Amino acid sequence: AVVSTQSTGAKNRLVDPTKILHFFALPLEVDEDFVLKLLEDKGCPTPTSISMHKSEVCSAGLLEFDSTEEAIDTAAIANHMQGSHKGVRYLLKIAFTGKKSMPVENYEEAKPAAAAGGKDKKDVNEEQSGGRNFND
């Protein structure tokens, strides 16, 4: 059983829903395509951009949607989704950030979605930037 104490409860903060979601607790080996496929397989709205980073223990990142409603739908559908990747079990956790736009101070700049086909100079630059923007 999970026990909440005053000190752990004090760390919780209420934030209003926005179109930006924070996801975390995924295995270190996953990438943006893995996250997007997870959401697609569950019937979630498609994010307009994604930005990921890796901590010492897990992969995490931000998802941006066209609207707050799409972010709410995604959180309702995908929060606490369980699975396994390369033998590592995970419990996907999703939370609202309270931010109204994609922050870049702690995440690498969001990058445009790669065009279909081979990689060109733009694709290489996108891979190096660490995020994807699906509107470009």
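Note that the structure is predicted; figures quoted are calculated from it, not measured. (Residues numbered from 1 in each chain as written. Predicted model: local features only at pLDDT ≥ 70, side-chain atom pairs only at ≥ 80, totals over all residues. Heavy atoms only, no water.)

K.L.:
Tell me about the nonpolar core, residues and numbers included.
P.N.:
One finds Phe23, Leu26, Val35 and Leu63 to be the most contacted residues of the largest nonpolar core, which totals 21 residues. Going through the elements one at a time, strand E1 (20-26), helix H2 (32-41), strand E2 (49-54) and helix H3 (68-78) are the ones with two or more residues in this core. If one sorts the elements of this core by residue count, H2 sits on top with 5 residues. In contact with leucine 63, other than residues within four places in its own chain, are Lys19, Ile20, Leu21, Phe23, Val35, Leu39, Pro47, Ser49 and Ile50. (Core = buried A, V, L, I, M, F, W, Y, C linked by side-chain atoms within 4.5 Å. Buried < 20%, exposed > 50% of the residue type's maximum accessible area, 1.4 Å probe, protein only. Helix = DSSP H or I, 4+ residues; strand = E, 2+ residues; numbered from the N terminus. Contact = heavy atoms within 4.5 Å.)

K.L.:
So, the packing of aromatic side chains: which residues are in play, and what are the values?
P.N.:
Considering all chains together, one arrives at 1 aromatic pair under this definition. Ring centres of phenylalanine 34 and tyrosine 90 lie 6.0 Å apart, and the angle between their planes is 80°; this geometry places the pair in the edge-to-face category. With phenylalanine 34 in helix H2 and tyrosine 90 in strand E5 (residues 88-91), the pair connects residues that are 56 residues apart, well separated along the chain. Summarising the burial analysis for this pair, phenylalanine 34 and tyrosine 90 share the class buried. (Phe/Tyr/Trp six-rings, centres within 6.5 Å; stacked < 30°, edge-to-face > 60°.)

K.L.:
How would you summarise the environment of alanine 25 if you had to cite specific residues and measurements?
P.N.:
Note that alanine 25 resides in strand E1. Alanine 25 sits in the partly exposed class, given a relative accessible area of 24%. When the C-alpha atoms of alanine 25 and histidine 80 are compared, they prove to be 9.7 Å apart, with 55 residues separating the residues in sequence. Setting aside its immediate chain neighbours within four residues, alanine 25 contacts Cys58, Ser59, Tyr90, Leu91 and Lys93.

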